[in-house]
Structure formats: C-alpha cells, structure tokens
Amino acid sequence: MRLAFDLRALGPERIVLRTYTVFRNDMTPDVVRGIMSGALEASRMGHEYLGSEHLLLGYLQEPSGIKLFGDVGTFPGKSVNVESVRKEVLKLVKQEPEINPTYLDLTPVSIKALDHTLEVARNMKLDKIDMRASVLGVLKQRMDSPGVLALRNLGVNEERLYERIFSSLCPASPIVI
C-alpha cells in the first residue's frame, strides 16, 4: 500500500492524506495552508516525503501556528520562528537539490502525527481540525520527529508546550502525552 500526499489533489475541496481523504471543510483554512506550506518546504529541501518536520515548518508559517509558540521558553539568544526551526531541521536531515514531485510519501512519523491530530480533534469535539490539534499531533511524536528535536535544540520544552496547548483546548482535562 502506498502512503502518499498527492500534490495534484490540492484542489478546492480536499487534500489526500495517505489512503484517506480529509475534506478541506473539516480543517480550518490555516491548517490547510500549513499543510500545503509544509509540502513546499519538503520540495525545497529536495525531500520526496512529507515528514513531521515539514508539517511543523508549514504550521509555523501561519500566524495561528506562530502564536502557539509565542512565549515559549528558549535558550538565551534563540527564538522559535520558521527560519530558526528550518535551520535546526537542516542540521538533522540532509538537504538535497530542490525537486518538483507529484507525490510526497508520508513518513511513519508524519502518519502518526496526522492520526494524533485527528484523534485530538475528535476527542475534543472540535468542529474543525484547528492549528492547536495539528501542532499537538507533531509534538506528540517527541523523539521520533526531527521537527520536535529542532525545537528541543532551540531550548523548547515540548512537554510543557504540549500541556499549554492541550489546556487551551480543554482546561479541566488530565494531560497525557
């Protein structure tokens, strides 16, 4: 079974994520743009896959994504923005010449991140998959995600960040990561 992100399927109504389709009207517009930006990040890096690091970079290009990292603690002289995270990601994964693929295979980690995103949205009874659920999906991958490792290299405590974002969804719920 081929698990892929079909770049040709970025039509007005749907995004194909592996073997199932998530309809655009099930996601907030910023999440749709974030996923598309992540796919562009992957192709600029010369990657033929859409990893959780690309999703994170795409989400950080949206104001709602950057806002989630607003006052998160970092090492002195470091900050969380798309440029700083991209720089850290490129220390962890090899950059290749830019490509223009039709399909980007989803990595096992990005599949888990997207599955967790859908689980959070469903469990929190969100009307639409929003940026909070999407970022939680990536953060849940912790040691397996180059994106989360990049955040850690910037001094971010991903567990604390996860707790803060999760609490904004449901302040009274126990937090399990």
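Here, every reference points to the structure presented above.
Conventions and cut-offs
- Residues numbered from 1 in each chain as written.
- Predicted model: local features only at pLDDT ≥ 70, side-chain atom pairs only at ≥ 80, totals over all residues.
- Heavy atoms only, no water.
- Helix = DSSP H or I, 4+ residues; strand = E, 2+ residues; numbered from the N terminus.
- Expected span 1.5 Å × (residues − 1).
- Buried < 20%, exposed > 50% of the residue type's maximum accessible area, 1.4 Å probe, protein only.
- Arc of directions from axis to C-beta.
- Contact = heavy atoms within 4.5 Å.
- Salt bridge = Lys/Arg side-chain N within 4 Å of Asp/Glu carboxyl O.
- Axes fitted to C-alpha atoms, helices over the stretch in contact; angles between N-to-C directions.
- Parallel < 35°, antiparallel > 145°, perpendicular 65-115°, else oblique.
- Nonpolar A, V, L, I, M, F, W, Y, C, P; charged D, E, K, R; others polar.
- Polar contact = N/O pair within 3.5 Å; in protein donor to acceptor, adjacent residues only side chain to side chain.

1. A closer look at helix α8 (residues 158-169)
Residues separated by three or four positions in an α-helix point in the same direction, a consequence of the helix having 3.6 residues per turn.
Item 1. Across its 12 residues, α8 extends 17 Å between first and last C-alpha, which sits within 8% of the 16 Å expected from 1.5 Å per residue.
Item 2. Every buried residue of α8 is accounted for by E158, L161, Y162, I165, F166 and L169. In a view along the axis of α8, the buried residues occupy a sector of 130°, so they form one face of it.
Item 3. Where the residues of α8 are buried, they touch α3 (63-68), α5 (108-123), α6 (131-139) and α7 (146-153).

2. Looking at the pattern of salt bridges
Item 1. This structure, assessed with the given rule, holds 9 salt bridges.
Item 2. Ionic pairing is found between E158 and R152, a salt bridge with its closest N-O pair at 2.5 Å.
Item 3. Relative accessible area serves as the criterion here: at 7%, E158 is assigned to the buried category.
Item 4. Sharing partners across several salt bridges, the network here consists of E41, R44 and R86.

3. With respect to the packing of helix α2 (residues 52-59) against α7
The geometry of a pair of packed helices is captured by two quantities: the angle between their axes and the separation between those axes.
Item 1. One can describe the packing of α2 onto α7 by two numbers: an axis separation of 6 Å at closest approach and a directional angle of 60°. What the angle tells us is that α2 and α7 run oblique. Taken together, the residues of α7 that come into contact with α2 (itself represented by S52, E53 and L56) are P146, G147 and L151.
Item 2. Among the residues forming the contact of α2 with α7, the class breakdown is 3 nonpolar, 2 polar and 1 charged.

4. Looking at the side chain of D130
Item 1. Checked against the element boundaries, D130 lands in the loop between α5 and α6.
Item 2. Residue D130 is classed as buried on the basis of its relative accessible area of 12%.
Item 3. There is a polar contact of 3.0 Å between the side chain of D130 and the backbone nitrogen of A133.
Item 4. In contact with D130, other than residues within four places in its own chain, are T28, V31 and L169.

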